[in-house]
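Topology and contacts: notes
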Amino acid sequence: GENVEQHPSTLSVQEGDSAVIKCTYSDSASNYFPWYKQELGKRPQLIIDIRSNVGEKKDQRIAVTLNKTAKHFSLHITETQPEDSAVYFCAANAGGTSYGKLTFGQGTILTVHP
Amino acid sequence: SAVISQKPSRDICQRGTSLTIQCQVDSQVTMMFWYRQQPGQSLTLIATANQGSEATYESGFVIDKFPISRPNLTFSTLTVSNMSPEDSSIYLCSVATGSTDTQYFGPGTRLTVL
């Protein structure tokens with residue numbers, strides 16, 4: 001089955017700096033890669049996703065890049081703000097007949113210091 | 001996106017008892033999933049809830065322990081049976097709408113087993 005590795009496990013930045021979180025996946029049939037933000041005590045919220053037919057997607061201060069050949073994708077947050085502090089999870093879907101299933105990375109605790 | 005609710009939001013249960021968690025969506029959805037999130041951990045898929053048929057369980061999860069129902073396209077239940085303290089977790093349902101595999105999560109049920 002799919003295996004998703006996420007790094008780093010913790011990331012501490014100063015407000016205004018950029019933050020980058022990286023994930024690798026194992027299943028070459030995966031074609032959908034969402035990112036979720038989970039604040040303490042809250043549900044995971046989808047913040048951005050990318051499909052395998054594009055290499056990059058941006059939404060204001062966040063962007064995701066995908067390298068299908070290397071089987072890795074990254075989340076980039078620019079001009080970080082304290083409210084960006086949360087746990088971020090990457091995920092990859094299962095290919096083939098396992099439509100819709102997501103496998104999640106281990107999570108990254110992002111702390112943005114004012 | 002669909003509005004998803006879960007009941008109960010939290011519960012404290014005694015060892016050996018069972019708890020049924022409900023997931024209700026305000027519109028018909030294609031797919032419904034149940035996840036477990038152990039304290040400080042990532043999300044692990046328990047099963048895909050199939051409308052009108054038996055759920056599809058992931059490795060390590062069995063129907064006797066986690067029976068699931070999905071009687072229609074807007075509702076599903078997950079039962080945690082014969083609970084032990086190791087079952088203390090947050091249980092989340094998620095839904096995917098239309099023909100995409102984009103998933104949105106319910107608010108979760110925080111279960112503590114004493």
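This write-up is about the structure you can find in this document.

Rules of the game
Counting from 1, residues in each chain are numbered in the order their sequence is written. To label them, take the chains in the order written and letter them from A, then take the ligands in the order written and number them from 1. Owing to the predicted nature of the model, reporting of local features is limited to residues with pLDDT of at least 70; listing and counting of side-chain atom pairs is limited to 80 or more, with chain, interface and lining totals taken over all residues. As a rule here, side-chain values come from all non-hydrogen atoms in the structure, and water together with hydrogens is ignored. Counted as salt bridges are all cases of a side-chain nitrogen of Lys or Arg within 4 Å of a carboxyl oxygen of Asp or Glu. Strands are runs of DSSP state E lasting at least 2 residues, helices are runs of H or I lasting at least 4, and numbering of each runs from the N terminus. Only protein chains enter the accessibility calculation, which uses a 1.4 Å probe; a residue is then buried when its area is under 20% of its type maximum, exposed when over 50%, and partly exposed in between. Here, two residues are considered to be in contact whenever any of their heavy atoms come within 4.5 Å of each other. Here, nonpolar core means buried Ala, Val, Leu, Ile, Met, Phe, Trp, Tyr and Cys residues that are tied together by side-chain atoms lying within 4.5 Å of each other.

A word on the pattern of salt bridges
Residues and elements named next belong to chain A. Taken as a whole and judged by the stated rule, the model has four salt bridges over all chains. The closest approach of N and O atoms between Arg61 and Asp84, which form a salt bridge, is 2.9 Å. One end of the pair, Arg61, is in the loop between β6 (56-59) and β7 (62-67); the other, Asp84, is in the loop between β8 (72-77) and β9 (86-93), and 23 residues separate them in sequence. Judged by its relative accessible area of 22%, Arg61 falls in the partly exposed class. The class for Asp84 is buried, based on a relative accessible area of 7%.

Considerations on the environment of A:Lys68
Residues and elements named next belong to chain A. Mapped onto the fold, Lys68 is located in the loop between β7 and β8. Overall, the relative accessible area of 35% leaves Lys68 in the partly exposed class. Leave out the neighbours within four places in its chain, and Lys68 touches Tyr25, Ser28, Ser30 and Ser52.

Some words on the nonpolar core
Membership of the largest hydrophobic core comes to 26 residues, with the highest contact counts inside it found for B:Trp34, B:Ile46, B:Phe66, B:Ile68, B:Leu78, B:Tyr91 and B:Leu111. Those elements that place two or more of their residues in this core are β3 (19-25), β4 (31-37), β5 (44-49), β8 (75-80), β9 (89-96) and β11 (109-113) of chain B. For B:Ile46, the residues in contact, after removing those within four places along its chain, are B:Trp34, B:Tyr35, B:Arg36, B:Thr56, B:Tyr57, B:Glu58, B:Phe61, B:Phe66, B:Leu78 and B:Tyr91. One finds A:Val13, A:Ile77, A:Tyr88 and A:Cys90 within the second-largest nonpolar core, a separate group that totals 23 residues.

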